[in-house]
Amino acid sequence: MKTMKESVWIVVLCALLIMSLSVTVSAVALPTSSATVPATPFIGASFTGAFTFSNPPSATAGFGPFFDIVSPTSGADGNDGISITGATLLGTAVTIKSVVLTAACVNHPLAIDNTHTPFQVCGPVGSTLYTLVLPFGSVVPDQVPVTATVSFAQSPLIDLNGNFRIYYRAGFNFANDELDNPCCDPSIFEFSSTNPTTWNAASVNPTVATVTHDATAKFPQGINYPQTDIVTITVASGQTLSTITVSEVLPLNVVYLSCTAAFSTGFTVLTQPTANQLVTSSARTVTFRYNNLSGTGVGIGVTIRYYVPYLDTSSALILTSTASTRTLSFTGTYTYAWTPTDVRDPQVTVPSTAYPATTSTVQTFVTRKSIDTAASSLQVNSPVGITVVVDVGDYWAFDNLFIYDVIGDGLRFDNSFTPTLQVAQHGATASSSFVPANFAVAAVNAADGTQTV
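Keep in mind the model is a prediction, meaning the values are calculated, not measured.

## So, empty space enclosed by the protein
So, step 1. Within the structure shown, the criterion is met by one cavity of 30 Å³ or more.
So, step 2. Of the volumes computed, that of the largest cavity is approximately 30 Å³.
So, step 3. Lining the largest cavity, in full, are I43, P156, L157, I158, Q239, W338, P340, T341, D342 and D345.
So, step 4. Classifying every residue of the lining of the largest cavity by side-chain character gives six nonpolar, two polar and two charged.

## With respect to the packing of aromatic side chains
So, step 1. With the rule as written, the count across this model stands at 18 aromatic pairs.
So, step 2. Between Y306 and F330, the aromatic rings sit 5.6 Å apart at their centres with planes inclined by 55°, giving tilted as the arrangement. Placement of Y306 in strand β23 (residues 300-307) and of F330 in strand β24 (residues 325-338) is noted, with a sequence separation of 24 residues between them. Judged on exposure class, the residue Y306 and its partner F330 are both buried.
So, step 3. Here the aromatic cluster, defined as three or more aromatic residues joined through ring pairs, consists of F47, F51, F53, F67, F152, Y168 and F172.
So, step 4. In this structure, R169 packs its charged tip against the face of F189, placed 3.9 Å from the ring centre.

## Describing the pattern of salt bridges
So, step 1. Evaluated as defined, the whole model comprises four salt bridges.
So, step 2. Taking the shortest distance from any N to any O, the salt bridge between D391 and R368 comes out at 2.7 Å. Highlighted residues: D391 in strand β27 (residues 386-392) and R368 in strand β26 (residues 365-371), separated in sequence by 23 residues.
So, step 3. Judged by relative accessible area, D391 falls into the buried class, the value being 14%.

## A look at the sheet that holds strand β22 (residues 285-294)
So, step 1. Taken in spatial order, the six strands make up an open sheet running β16-β25-β24-β18-β22-β20, and their pairing is mixed. Looking along the sheet, the strands with just one partner apiece sit at the ends: β16 (218-220) and β20 (267-271). Between one strand axis and the next, the sheet turns through 25° on average, direction left out of account.
So, step 2. By the bridge criterion, 12 bridges tie β24 to strand β25 (residues 348-363) in an arrangement that is antiparallel. In the strand pairing of β25, G332 is matched with Y355.

## Looking at a nonpolar patch on the surface
So, step 1. On the surface, a nonpolar cluster with roughly 460 Å² of combined accessible area is contributed by I371, I386, V388, F398, L401 and I403.
So, step 2. Summarising the element assignment, V388 is placed in strand β27.

## Concerning the sheet that holds strand β11 (residues 146-154)
So, step 1. Across the sheet, five strands lie side by side as β1-β2-β11-β4-β5; this open sheet has antiparallel pairing. This sheet does not close on itself; its edge strands, each paired only once, are β1 (32-36) and β5 (92-93).
So, step 2. Two strands pair when backbone bridges link them, and strand β2 (residues 47-54) and β11 are joined in this way by seven bridges, in the antiparallel orientation. The partner of A50 across the bridge, within β11, is T149.

## Side note on unusual backbone geometry
So, step 1. The omega torsion across G123 and P124 is -5°, close enough to zero to call that bond cis.
So, step 2. Looking at the secondary structure, you find P124 in the loop between β8 (118-121) and β9 (128-133).
So, step 3. The backbone phi angle of N292 is positive, close to 50°, even though this residue is not glycine.
So, step 4. Overall, the relative accessible area of 59% leaves N292 in the exposed class.
So, step 5. A positive phi angle is found at S315, which is not glycine, with a value near 70°.
So, step 6. With respect to the helices, strands and loops of the structure, S315 is situated in the loop between β23 and β24.

Calculation criteria
- Residues numbered from 1 in each chain as written.
- Predicted model: local features only at pLDDT ≥ 70, side-chain atom pairs only at ≥ 80, totals over all residues.
- Heavy atoms only, no water.
- 1 Å grid on protein atoms, 1.4 Å probe; cavity = no way out; pocket = protein on both sides within 12 Å on 5 of 7 lines; lining within 4 Å.
- Points joined across faces, edges and corners; volume = space filled by probe spheres on them.
- Nonpolar A, V, L, I, M, F, W, Y, C, P; charged D, E, K, R; others polar.
- Phe/Tyr/Trp six-rings, centres within 6.5 Å; stacked < 30°, edge-to-face > 60°.
- Helix = DSSP H or I, 4+ residues; strand = E, 2+ residues; numbered from the N terminus.
- Buried < 20%, exposed > 50% of the residue type's maximum accessible area, 1.4 Å probe, protein only.
- Lys NZ or Arg CZ within 6 Å of the ring centre and 35° of its normal.
- Salt bridge = Lys/Arg side-chain N within 4 Å of Asp/Glu carboxyl O.
- Pairing = 2+ DSSP bridges.
- Axes fitted to C-alpha atoms, helices over the stretch in contact; angles between N-to-C directions.
- Patch = residues over 30% accessible without salt bridge, like charges linked within 9 Å, V, L, I, M, F, W, Y side chains within 5 Å.
- Areas by Shrake-Rupley, 256 points an atom, 1.4 Å probe, with all protein chains shown as cover.

Structural data, given as structure tokens:
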């Protein structure tokens, strides 16, 4: 009988142990991080990164939130890297503790294990561990993720395209409860490894120059509608390119007009299509060069002008009544030479590099809309003038043209007003009011509050 009682007690004890283990495993906080850091900041310029802290719904509350960020402060040559100069969260300054990483592992400035021993962080040598102490006590699972803005500074001697890595992780200093009791509840991390290269990472490749271009989104066909393709060169502040050469490839079916620069010092057009003629597949590239171009961090624009004629090089119609739009694609490449400020670094010659393409659309006609009263001055029952302009291409004429203008929620058509029409063509302008048969006002859409005229 005694043996039987002992057996019963043993079974109950085992069951209690199993239940206890099950509860312990599931009840943990899970610090989680993500970050957005500029991939190609200008060389030597400061920049900011957004670091987001969260605790997923499957977790429990965590206490004492912090970020660990390891930044390559020593750079490529020992003194030309990236450092953190400050951080804010919701407008509040964030306390930062920093430790330079050496060949030996270093103590974490906050987190300790269950023996009251600081956790270790090991390498990369020459980088700096920045621990950001977030200004609140806990993060619960259903809390909206919080984002800290971290300010970075680059050395003016930093290497071009250095592929510098910034490593980061989230953590809870007091882990799963608010007590400072590491013996039973040691600090926890998103990544437990002492090696930062196994954490989350963001790459930074400093650049000294960028080239972009921007063409009109959509425009009408014809010589009366000349368009611009603006190529913008931006050089990092304090840097000078000994030379930069840009080749902009124009689309077919355009007549090239000119290439001019707002800043003309050192500017030369090397090759270009014949002006006032259709470009061809073998002659549609505009190549220009700047010598000794010093940067301010502000772009310099080079303007290429063109228009779309009636016929292409084979005398076929470029647009028709059934094919009333055509997409034009602009591409380009650049190359430059630059001598770094750091005398330890050799002169850099960047090979031919493509910049992102841009597109434009030529149409038989284009409709645009404007509002003549600034939103800041709008008041209840104040009049708002809406102007709809239809630009008709040079080679086109229309009749029975229907225009549907959708007035947004919060605005209503003024029934006491009669819309007016103004037509400008062949150098003359005529105006008149619409007759009632030529315009109609729909009822207000109950679903979204809009009204169509």
